Amino acid sequence: LVIFTRQLSTMVSAGVPLNKSILTLQNQAESEYFKHAIGEIGKDVQAGSPLGDAFAKYPNIFSEVYINMVKAGEAGGILDEILKRLASQVEQEASMRKKIKSAMTYPVVILTITIIAFFGIMIFVIPKIGKIMLDLGGPDAQLPVYTRAMLSISGFMQSYAVFIIAATALIVWAIRRYIKTPKGKYKFHALLLRLPVVKNIITKVAVARFSRTFASLMSAGVGVLDALEVTGGAIGNKVIEAELAEAAKQVKNGRPLSEPISQSPHFPPIVGQMLAVGEETGQIDTILVKVADFYEEEVTAIIDALSSIIEPVMIIILGSI
């Protein structure tokens, strides 16, 4: 996806027709499924379908943010610029995921071994130790309370281990399915905005995306209301998207955008202040680009810091368990 986005961005910027660009890139794709998807997208575009709508048919490849940013580019006539930004964004996100995965590899391996060892000890080892203790102490032996508790847990797991594993898998599947529904996704995004460290990262990413996308659309001459609608979908968080939809209603009623943004619990005060200055000077796009640059640097710094502390924190947690 990173390579495809970068190459598509380069070809569109060079003036190559969109359908020809897509069909050319289809031949270079290594994954058979991705090659098939690109071919179908190329056919849709050739038939007159917007690129964003064609991408939307493959949500397991193209994220909601990706699709909405492409739609924003098409709406503003700045598809080449949006694709350049998308390429950088996808590369940055891939780099972040790589850092986090590399930091998590060792703790995940240890966690997996810990879980397997826990089940193994409880099902096979503890019962034998318990039998030895009872044999040594005789029929009237009074074992310590912690020992009795451990033997009870072991007996329960011996009898119901399969049901515990099946129930856990079912609960995880049900939660994942619920999160994919509109209501579930909104609640999940609201939960993320309440988690201490995660909230900070999501807010900064959302502000950077809002500032960059909104500035691009405004500079391309897209109206404020249309720009807000498209930008909301490109942020990647349903709660903040709903706030922008409410802000659009207030703008429609004659209020400046800086007012609802300043009152938002998720946008830092500086964003509303900078927007107010942009509205006063008529340079919203220029000012928001500066805001986006600042918050993108902040996100990079936070991710770098997190990737360095994830491993030791996970090891401490697992050691405690």
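As a starting point, this report considers the structure included with it. Keep in mind that what you see is a predicted model, and the values were worked out from it rather than measured.

1. What about a nonpolar patch on the surface?
A surface patch of nonpolar side chains, amounting to about 450 Å² of accessible area, comprises Ile121, Phe124, Val125, Ile129 and Met133. Looking at the secondary structure, you find Val125 in helix α6 (residues 79-137). Residue classification places Val125 among the partly exposed residues on the basis of a relative accessible area of 39%.

2. Quick word on helix α5 (residues 64-76)
With 13 residues, α5 should cover 18 Å at 1.5 Å per step; its first-to-last C-alpha distance of 18 Å lies within 8% of that length. Val65, Tyr66, Ile67, Asn68, Met69, Val70, Ala72, Gly73 and Gly76 are the residues of α5 that are buried. The first or second residue beyond α5 is Gly77, which carries a positive phi of 70°.

3. A closer look at the pattern of salt bridges
Considering all chains together, one arrives at ten salt bridges under this definition. The partner of Glu241 in a salt bridge is Lys238, and the shortest N-O contact between them spans 3.4 Å. Here the residue Glu241 and the residue Lys238 both occupy positions in helix α11 (residues 238-252), the gap between them amounting to three residues, near one helical turn. One connected set of salt bridges, linked through shared partners, spans Arg212, Asp293 and Glu296.

4. Points about the packing of α5 against helix α10 (residues 224-235)
At a minimum axis separation of 7 Å, α5 and α10 run at an interaxial angle of 155°. Judged by the inter-axis angle, α5 sits roughly antiparallel to α10. Seen from above, α5 lies across α10 with left-handed handedness. Contact residues: Glu64, Val65, Asn68, Met69, Lys71 and Ala72 in α5; Val230, Gly233, Ala234 and Ile235 in α10. Counted by class, the contact of α5 with α10 contains six nonpolar, two polar and two charged residues.

Thresholds applied
- Residues numbered from 1 in each chain as written.
- Predicted model: local features only at pLDDT ≥ 70, side-chain atom pairs only at ≥ 80, totals over all residues.
- Heavy atoms only, no water.
- Patch = residues over 30% accessible without salt bridge, like charges linked within 9 Å, V, L, I, M, F, W, Y side chains within 5 Å.
- Areas by Shrake-Rupley, 256 points an atom, 1.4 Å probe, with all protein chains shown as cover.
- Salt bridge = Lys/Arg side-chain N within 4 Å of Asp/Glu carboxyl O.
- Helix = DSSP H or I, 4+ residues; strand = E, 2+ residues; numbered from the N terminus.
- Buried < 20%, exposed > 50% of the residue type's maximum accessible area, 1.4 Å probe, protein only.
- Expected span 1.5 Å × (residues − 1).
- Axes fitted to C-alpha atoms, helices over the stretch in contact; angles between N-to-C directions.
- Parallel < 35°, antiparallel > 145°, perpendicular 65-115°, else oblique.
- Left-handed = near helix turned anticlockwise from the far one by under 90°.
- Contact = heavy atoms within 4.5 Å.
- Nonpolar A, V, L, I, M, F, W, Y, C, P; charged D, E, K, R; others polar.

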